[in-house]
Amino acid sequence: MAGLRDGAERTGIMVPDLTKLFDLKGRTAAITGAGGELCGMMAEALAALGVNVAILDIHAEKARTRETAIIERGGSARFFPCNVLRPAELQACFDEISALWEAPDILINGAGGNDPRGSTSCEFLEPGEAETPGLKTFFDLDYEGFRSVFDLNFLGTFLATRTFARGMLRRGRGAVLNISSMSAMTPLTQVAAYSAAKAAVSNFTRWLAVHFAHTGIRVNAIAPGFLLTEQLRFLHIDPQTGELTARARKVMAHTPMGRYGKPEELLGTVIWLLSDASAFVTGVVVPIDGGFSSYTI
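Draft legend 1. Structural context of the sheet that holds strand β5 (residues 174-179). In spatial order, the strands read β3-β2-β1-β4-β5-β6-β7; together these seven strands make up an open sheet with parallel pairing. The strands lining the two open edges of the sheet, one partner per strand, are β3 (76-81) and β7 (285-288). Within the sheet, the average angular offset between the axes of one strand and its neighbour, ignoring direction, is 20 degrees. In terms of strand pairing, strand β4 (residues 106-109) meets β5 through four bridges, oriented parallel. In the strand pairing of β5, Ile 108 is matched with Leu 177.

Structure, rendered in structure tokens:
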């Protein structure tokens, strides 16, 4: 490191203290969907770095379990019951968090998910199959199911950001991190509603980054690939044989690194995007996918 500094000084470039660049101690983060597996892990990681963590979730039992785990490890966390589609609840959470610690300068929009009513059962619709009993095509997608996926993933991100970014605006700084998906870049077959909703999240991330560019608020997103969470394990591994399903084998064939990601492999990018190490980074959607989004034939 000394040699690096000496060389930098000779060229007139000062290398900053790298430990300070990634330092998040004392900051306050609001994380929606923090009772879930991925955002709960982010909550625990940030708390371990000295961040005050507000756990916003509609599922109280999981959220309280996460809160307890953080506190038992010496971290600072509080659970706030919240439906991200209800502006009044979001505002109440903002007010309570601000009174407890301070207005959050970090927001992770993690509330999201899919609904089978917004997905088809087949990749391709063949001529003459539209009326086939038991086959679910585009024409069978349920309006309410499609809308619920879009509302939760996109409108939940929009509404939470609208509430919490006001506090960041008053402080003159803040970092918003949205959760997009591989399916936003190249839509995965079958999951029509989810793909459309996550594409909207990516587009909104870029739009808002420009809109906020003069305010000190940065807006970025991560696009996780296929991480072996409990939910994905259920979808991709046949419970009878323990083997990958046909769809899972397709995923592996299109992942250059040839494996599923580990949930904790998100954390490096998350910390980078929330910290001063990415002070000149806004409007990016970072794929964390083992090369999935780069591969073609």
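Now that the structure has been shown, the text picks up again.
Draft legend 2. Up close: the state of the cysteines. Scanning all chains against the criterion turns up zero disulfides. No disulfide involves Cys 39; its nearest neighbouring cysteine sulfur is the one of Cys 82, lying 13 Å away. The buried category is assigned to Cys 39, whose relative accessible area is 7%.

Draft legend 3. Molecular detail of the nonpolar core. Membership of the largest hydrophobic core comes to 34 residues, with the highest contact counts inside it found for Ile 31, Met 42, Leu 46, Val 53, Ile 108, Ile 222 and Leu 274. By residue number, the principal contributor to this core is helix α3 (residues 37-48), which donates seven residues. Apart from residues no more than four positions distant in its own chain, Ile 31 is found in contact with Cys 39, Met 42, Ala 43, Leu 46, Val 53, Ala 54, Ile 55, Leu 56 and Ile 108. Residues Ala 30, Leu 56, Ile 97 and Phe 154 belong to the second largest nonpolar core, which totals 28 residues.

Draft legend 4. A look at the layout of surface pockets. Each pocket or cavity is described by its volume, and for the second largest pocket that value is around 210 Å³. Taken together, Phe 158, Thr 161, Arg 162, Ala 165, Arg 166, Leu 169, Phe 204, Trp 207, Leu 208, Phe 212 and Ile 217 make up the lining of the second largest pocket. Considering every element that reaches the lining of the second largest pocket, the biggest residue donor is helix α6 (residues 143-171), with six residues. Among the residues forming the lining of the second largest pocket, the class breakdown is eight nonpolar, one polar and two charged.

Draft legend 5. Spotlight on unusual backbone geometry. If you check the backbone angles, Gln 190 has positive phi at about 80 degrees while not being a glycine. The topology assignment puts Gln 190 in the loop between α7 (182-185) and α8 (192-211). Residue Gln 190 is classed as partly exposed on the basis of its relative accessible area of 23%.

Draft legend 6. Looking closely at the pattern of salt bridges. Considering all chains together, one arrives at 14 salt bridges under this definition. Across the pair Glu 89 and Arg 86 runs a salt bridge whose closest N-O atoms are separated by 3.1 Å. Among the residues examined, Arg 86 registers a relative accessible area of 48% and is labelled partly exposed. One salt bridge connects Arg 117 with Asp 115, and the closest N-O pair in it is separated by 2.9 Å. Classification of Arg 117 by relative accessible area gives partly exposed; the value is 38%. When salt bridges that share partners are traced, they join Glu 102, Asp 105, Arg 171 and Arg 173 into one network.

Draft legend 7. Structural view of a nonpolar patch on the surface. Taken together, Leu 85, Leu 155 and Phe 158 make up a surface patch of nonpolar side chains, about 200 Å² in accessible area. Note that Phe 158 resides in helix α6. Judged by relative accessible area, which is 31%, Phe 158 ranks as partly exposed.

Draft legend 8. Fine view of the environment of Asp 23. Looking at the element boundaries, Asp 23 is found in the loop between α2 (18-21) and β1 (28-32). Taking C-alpha positions, Asp 23 is 9.0 Å from Ile 271, a pair spaced 248 residues apart along the chain.

Calculation notes
Residues numbered from 1 in each chain as written. Predicted model: local features only at pLDDT ≥ 70, side-chain atom pairs only at ≥ 80, totals over all residues. Heavy atoms only, no water. Pairing = 2+ DSSP bridges. Helix = DSSP H or I, 4+ residues; strand = E, 2+ residues; numbered from the N terminus. Axes fitted to C-alpha atoms, helices over the stretch in contact; angles between N-to-C directions. Disulfide = S-S within 2.5 Å. Buried < 20%, exposed > 50% of the residue type's maximum accessible area, 1.4 Å probe, protein only. Core = buried A, V, L, I, M, F, W, Y, C linked by side-chain atoms within 4.5 Å. Contact = heavy atoms within 4.5 Å. 1 Å grid on protein atoms, 1.4 Å probe; cavity = no way out; pocket = protein on both sides within 12 Å on 5 of 7 lines; lining within 4 Å. Points joined across faces, edges and corners; volume = space filled by probe spheres on them. Nonpolar A, V, L, I, M, F, W, Y, C, P; charged D, E, K, R; others polar. Salt bridge = Lys/Arg side-chain N within 4 Å of Asp/Glu carboxyl O. Patch = residues over 30% accessible without salt bridge, like charges linked within 9 Å, V, L, I, M, F, W, Y side chains within 5 Å. Areas by Shrake-Rupley, 256 points an atom, 1.4 Å probe, with all protein chains shown as cover.

Shape descriptors only; they carry no functional weight alone.
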